[in-house]
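For reference, the chains in residue letters:
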Amino acid sequence: MLPRLLQRCAAGLAVAGALLATASAVDAPRPLTVPPLPAVLDHAKAGSIPIECIYVSPTADEGRIGDALTVLISAHESAKVRQWLVRFTLAAATPEERAAAKPMTATITVNEQKHVFTAGDPVALDVQTAGPFSAQAKPPGEPKRSRVLVSPKLLGLGLDRASEMMIRTPAPTPAEAGTSPPATTTPPTTLSFEDGQLFAGLFPSMMSFFQAVDSTPGLREILWSVLEKPSLWSIARRGGKIDAGFNFGKASTASGADWGVPDMPCYRMELTLSLNGQPALECAFYVTSPRPPLLATAGIVGIVADSPKDKAKRVLIRVLSGQRVKDAAPALASAVPASK
C-alpha cells in the first residue's frame, strides 16, 4: 500500500508526498468540489454528524481537546463516484501513547541557514471513517476507527504563510524535496531568514498532517488507486526500493468562500508526487490559517488529486464542517501566531 512504501522515507516526509502532490491537472474544466451523495447525507443525519459550517476561532491560537472536523472524500473513476465521510477529533494522548512517542526535531537548511523545528508534546487524533458510499451500492456497515499521535505545534505552522510568501516573492522557481526531510532545500529565490523560516516550515507541518492520512481507513487505498505506479524496471534498478519525492509548483490566491471559509485568506499550492523519478500524482492544496479547529489539518480545507496519465481518475477531499469546544476544554500549544 502507498503509505507503507512512503514510510520508508525518513520521518514520514514521503507520506506527506502521497497527498502532497498537487498540480496543473486541476486546471482542467472539471468541478473541484462535489456535494455529498444522498447516502452520505442519510448517514450524517442518522449519526448527528455535522456537515455544514466551518466555525473558525477568530482569535484563538491553540486547539482544544474535542475540536472536530468532518471531511468528505470523493473518488472519481470515469462515471463512477464513491464517497467516504471522515470525522477527525482531537483527543488527549494516553500515558502509554506519550511514553511510546519518540521526540522529533527537524532541521531544514534554506540558503545555507538552518531552521530547527521541534514537535513538542503530542496529542491524539481520533479518526472515524464511514464508507464507501455510492449511488448504486447499499450503505456500508459500521464506521472504521483509528487513532494517531500528531504534533499541534508542527500542524500550527500551516501552509498559508508560506503560500503568501511564495506569491509575493518575484520569479519563483519550483522547489524539490527528496525522500527524507532534506538537509538542504531550494527556495523560490533568495529569501530573508524570516521567509526562509516560512518556507522551511512547510516540511514539518505537512509531515505531521500526513501522519493522520496514514491512519485514515480507506484513504490509503483510494490514493493507491489513483497513483501512477513506478515500473518494475525502475524498482529493480533501485534494489527493490521505491523512492518518493515531491516538487513544489506555484502558489496563488483562492476564494475562501468556495471552501467554506469566506472571511479568511485562502491559497492554492501546487505540488507533484514522484515515485522513482516519475510523476505519480498531481494535486492542488487549498489552504488557509490553521486556526482551530483547522489545526487538525494544518489549515488544509481542500485537496484535488489527479492521476498524471488517466484523467478519468480524480480524488477530491474537502472539509465540510468544523466545531470548537467550550473554553473549559484543555488547550494545546501550537505555532499559530495570535495575530493571524
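Because the structure is predicted, anything quoted here is derived from the model rather than measured.

## A few points about the overall build of the protein
Across its full length, the protein holds ten helices and 15 strands. A total of 340 residues make up the protein; the buried ones form 54% of that total. Partitioning the contacts of the protein with sequence separation of at least 6, the portion at a separation of at least 24 is 74%. Total accessible area on the protein is roughly 14700 Å²; 55% of this is exposed by carbon and sulfur atoms.

## Looking at helix α3 (residues 38-46)
Residues spaced three or four apart along an α-helix point in a common direction, a consequence of the helix completing one turn every 3.6 residues. Among the residues making up α3, those that are buried are A39, V40 and A44. In a view along the axis of α3, the buried residues occupy a sector of 135 degrees, so they form one face of it. Seen from the buried face of α3, the exposed residues on the opposite side, beyond 90 degrees, are P38, D42, K45 and A46. Turning to α3, the residues buried within the fold contact β2 (68-77), β3 (80-91) and β6 (123-133).

## Some details on the side chain of H76
Within the secondary structure, H76 sits in strand β2. Contacts of H76, omitting those with residues within four sequence positions, involve V34, V81, A312, K313, R314 and L316.

## A short note on the nonpolar core
The biggest cluster of nonpolar side chains holds 73 residues, and the ones touching the most others in it are I73, L125, L159, L202, F209 and L294. Not counting residues up to four positions away in its chain, the partners in contact with L294 are I54, V56, L69, V261, T288, S289, G299, V301 and V319. Membership of the second largest hydrophobic core comes to ten residues, among which are A44, L72, A130 and L320.

## Notes on the pairing of strand β13 (residues 300-306)
Among the seven residues in β13, seven count as buried, and that is most of the element. Pairing between strand β12 (residues 278-287) and β13: six bridges, direction antiparallel. Opposite A284, over in β13, you have V304 as the bridge partner. Across five bridges, the pairing between β13 and strand β14 (residues 313-323) is antiparallel. Bridging from a neighbouring strand, G302 pairs with R318 of β14. Between β13 and β14, which pair antiparallel one after the other, the connecting turn spans six residues.

## A short note on the packing of helix α6 (residues 160-168) against helix α7 (residues 193-200)
Put simply, α6 and α7 touch, their axes get as near as 8 Å, and they point 125 degrees apart. Considering the angle they form, α6 stands oblique to α7. As for the relative orientation of α6 and α7, their crossing is left-handed in sense. Taking contact as the criterion, the partners of R161, A162, M165 and R168 in α6 are, on α7, D195, L198 and F199. Taken together, the residues of the contact of α6 with α7 sort by class into four nonpolar, no polar and three charged.

## Describing the packing of α7 against helix α8 (residues 202-214)
Relative orientation of the contacting elements α7 and α8 amounts to 20 degrees, with a least axis distance of 4 Å. Relative to α8, α7 is oriented roughly parallel. Of the residues in α8, those touching α7 at L198, F199 and A200 are L202, F203 and P204. Of the residues that constitute the contact of α7 with α8, the class distribution is six nonpolar, no polar and no charged.

## Re unusual backbone geometry
P132 follows G131 through a cis peptide bond whose omega is 5 degrees. Inspection of the secondary structure assignment puts P132 in strand β6. The omega angle of the peptide bond from P292 to P293 is 5 degrees, so this bond is cis rather than trans. Mapped onto the fold, P293 is located in the loop between β12 and β13. Phi is positive for S48, which is not a glycine, with a value near 55 degrees. Assignment of secondary structure puts S48 in the loop between α3 and β1 (63-64). Positive phi outside glycine occurs at A298, with the angle close to 60 degrees.

## Describing the pairing of β14
For β14, a buried count of ten out of eleven residues is recorded, marking the element as mostly surrounded by other parts of the structure. One ladder, built from ten bridges, connects β2 with β14; its direction is antiparallel. When the bridges of β14 are listed, S74 appears paired with L316.

## Some points on the environment of T105
With respect to the helices, strands and loops of the structure, T105 is situated in strand β4 (residues 105-110). In sequence terms T105 and A119 are 14 residues apart; their C-alpha atoms lie 6.4 Å from each other. Beyond its immediate chain neighbours, meaning those up to four positions away, T105 contacts V116, F117 and T118.

Criteria and thresholds
- Residue indices follow the written sequence of each chain, beginning from 1 at its first position.
- Where local features are concerned, this predicted model is filtered to residues with pLDDT of at least 70; where side-chain atom pairs are given and counted, the filter is 80 or more; whole-chain, interface and lining totals use all residues.
- Excluding hydrogens and water, the side-chain values take into account all heavy atoms of the structure.
- Numbering of helices and strands starts at the N terminus; helices are DSSP runs of H or I of at least 4 residues and strands are runs of E of at least 2.
- Here the term buried applies to any residue with accessible area under 20% of the maximum for its type, exposed to any over 50%, and partly exposed to those in between, with areas from a 1.4 Å probe on protein chains only.
- Two residues qualify as a contact provided that any one of their heavy atoms is within 4.5 Å of a heavy atom in the partner residue.
- Areas reported as accessible are Shrake-Rupley estimates using a 1.4 Å probe. Residue values count occlusion only from the protein chains shown.
- It is the directions from the helix axis to the C-beta atoms whose arc is reported.
- For this analysis, a nonpolar core means a set of buried residues of the types Ala, Val, Leu, Ile, Met, Phe, Trp, Tyr and Cys, connected via side-chain atoms within 4.5 Å.
- Whether two strands pair depends on DSSP finding at least two bridges between them.
- Each axis is a line fitted through C-alpha atoms, taken for helices only over the stretch in contact, and angles between the N-to-C directions span 0 to 180 degrees.
- When describing relative orientation, an angle under 35 degrees is termed roughly parallel and one over 145 degrees roughly antiparallel, while 65 to 115 degrees is termed roughly perpendicular and anything else oblique.
- We call a crossing left-handed when the near helix sits turned anticlockwise from the far one by less than a right angle, and right-handed when that turn is clockwise.
- The classification used treats Ala, Val, Leu, Ile, Met, Phe, Trp, Tyr, Cys and Pro as nonpolar, Asp, Glu, Lys and Arg as charged, and all other residues, Gly among them, as polar.

Geometric descriptors of this kind do not, in isolation, establish any biological role.
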